[in-house]
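# Coordinate analysis (summary)
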Amino acid sequence: MANLDFRMHQNVVIRFEAASVGYRILAFMIDAIIVSICLSMSFYVLEGIEALSYLVVAIFVFMYHLIFEMFNKGQSPGKKIFKLRVVTLEGDLPTANQVAIRWIFRLVDIGMSVGLLAIASIMSSAKSQRLGDLMAGTTVIKRPDSYMDKLKEIESLQGKVQEIKYKDMKKYTDKEMILLKKVLDRYTVHPTEENKEKLTMLANKIALDMNVKYEPYAIDKFVRQALQDYVLLTR
């Protein structure tokens, strides 16, 4: 399965796994089942009110993916089950305009072609994009929950520090701090030379940016302090 690299500030790269065609089809099928169940229920509840029932059905069918992806952080229920998420090519959550563009082009690459155009586009695209993704500047990744979990872990550090030592940490982004926390955790669990080298590279970059120094033997302490300061300064 293809990997997608999202390059951020300071040339830091976060890698996610691209959602395969198979998982995207399964997510689509789950969404279709949910839509079918809801439609059946609406016809039953609105029985005898024909005009209203047709209006409700039309709105629900056409707006289902738009509503969920716009207000549920890029995830429809089907995508949520299979841990898929729509993101921008920079790794951020899509804007309302991007979600709308993806939704509009569903009529072409999924509706009019019975999904064949979408499948062909995803399989041939370097970033696993269907036509709607190409037009909106988005893609779909797998296992994004780890990203959100790391963000929650970083935010949980807020109550563990009383003093801000590195005030320049506020210029970084959540994505950069998630990467830093991930590398720190990996080094903590597996303190190999390779993991230490990766942590040292990131720590040196931060120290250089802030024009500060840290003791090489206390690299993990420096990184934890930097993470804690980031939380206090940005939350």
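Anything mentioned here points back to the structure above.
Residues numbered from 1 in each chain as written. Predicted model: local features only at pLDDT ≥ 70, side-chain atom pairs only at ≥ 80, totals over all residues. Heavy atoms only, no water.

What follows deals with the overall build of the chain. For the chain, the count of helices and strands is 10 helices and four strands. Element order for the chain, N to C, with α for helix and β for strand: β-β-α-α-α-β-α-α-α-β-α-α-α-α. Residue burial in the chain is summarised as follows: out of 235 residues, 41% are buried. For the chain, the proportion of contacts with a sequence separation of at least 24, taken over those separated by at least 6, is 63%. Looking at the chain as shown, the accessible area adds up to about 13,500 Å², and 61% of this sits on carbon and sulfur atoms. (Helix = DSSP H or I, 4+ residues; strand = E, 2+ residues; numbered from the N terminus. Buried < 20%, exposed > 50% of the residue type's maximum accessible area, 1.4 Å probe, protein only. Contact = heavy atoms within 4.5 Å. Areas by Shrake-Rupley, 256 points an atom, 1.4 Å probe, with all protein chains shown as cover.)

So, about helix H8 (residues 174-189). With 16 residues, H8 should cover 22 Å at 1.5 Å per step; its first-to-last C-alpha distance of 22 Å lies within 8% of that length. Along H8, the positions that sit buried rather than exposed are Lys175, Glu176, Met177, Ile178, Leu179, Leu180, Lys181, Val183, Leu184, Asp185 and Tyr187. (Expected span 1.5 Å × (residues − 1).)

Turning our eyes to something else, we now look at the environment of Leu26. Along the chain, Leu26 falls in helix H1 (residues 21-45). For the pair Leu26 and Lys79, spaced 53 residues apart in the sequence, the C-alpha separation amounts to 8.6 Å.

Taken as a whole and judged by the stated rule, the model has four aromatic pairs. An aromatic cluster of at least three residues, connected via ring pairs, comprises Tyr166, Tyr214 and Phe222. Over the face of the ring belonging to Tyr23 we find Lys142, whose NZ or CZ atom lies 4.5 Å from the ring centre. (Phe/Tyr/Trp six-rings, centres within 6.5 Å; stacked < 30°, edge-to-face > 60°. Lys NZ or Arg CZ within 6 Å of the ring centre and 35° of its normal.)

This next bit is on the environment of Lys181. Mapped onto the secondary structure, Lys181 falls in helix H8. Residues Lys181 and Leu227, 46 residues apart in the sequence, show an inter-C-alpha distance of 7.6 Å.

Attention now goes to the pattern of salt bridges. Enumeration over the complete set of coordinates arrives at eight salt bridges. The network of salt bridges with common partners includes Arg24, Glu69, Lys79, Arg102 and Asp133. (Salt bridge = Lys/Arg side-chain N within 4 Å of Asp/Glu carboxyl O.)

Turning to its location among the elements, Gln129 is positioned in the loop between helix H5 (116-124) and helix H6 (131-136). A distance of 2.8 Å separates the side chain of Gln129 from the backbone oxygen of Thr138, its partner in a polar contact. Filtering out sequence-adjacent residues up to four positions away, Gln129 remains in contact with Leu89, Ser121, Ile122, Leu134, Thr138 and Thr139. (Polar contact = N/O pair within 3.5 Å; in protein donor to acceptor, adjacent residues only side chain to side chain.)

Turning our eyes to something else, we now look at the nonpolar core. Within the largest apolar cluster, 22 residues are counted, with the highest numbers of intra-cluster contacts made by Met169, Met177, Leu180, Leu199, Ile206, Phe222 and Val223. In this view, Met169 contacts Met177, Ile206, Met210, Ala226, Asp229, Tyr230 and Leu233; residues no more than four positions away in its chain are not counted. (Core = buried A, V, L, I, M, F, W, Y, C linked by side-chain atoms within 4.5 Å.)

Positive phi is not limited to glycine here, since Val114 has a value of about 55 degrees. Looking at the element boundaries, Val114 is found in the loop between helix H4 (96-112) and H5. Despite not being glycine, Ser128 shows a phi value in the positive range, around 55 degrees. As for its position among the elements, Ser128 is in the loop between H5 and H6. In this structure Ser128 comes out as buried when scored by relative accessible area, which is 9%.

Among the five residues that make up strand E4 (residues 138-142), five are buried, leaving the element largely enclosed by the rest of the structure. With five bridges joining them, strand E3 (residues 84-88) and E4 adopt antiparallel strand pairing. From the neighbouring strand, Thr88 faces E4, where its bridge partner is Thr138. (Pairing = 2+ DSSP bridges.)

The first and last C-alpha atoms of helix H10 (residues 219-234) sit 23 Å apart over 16 residues, in line with the 22 Å expected at 1.5 Å per residue. When H10 is considered as a whole, its buried residues turn out to be Ile219, Phe222, Val223, Gln225, Ala226, Leu227, Gln228, Asp229, Tyr230 and Val231.

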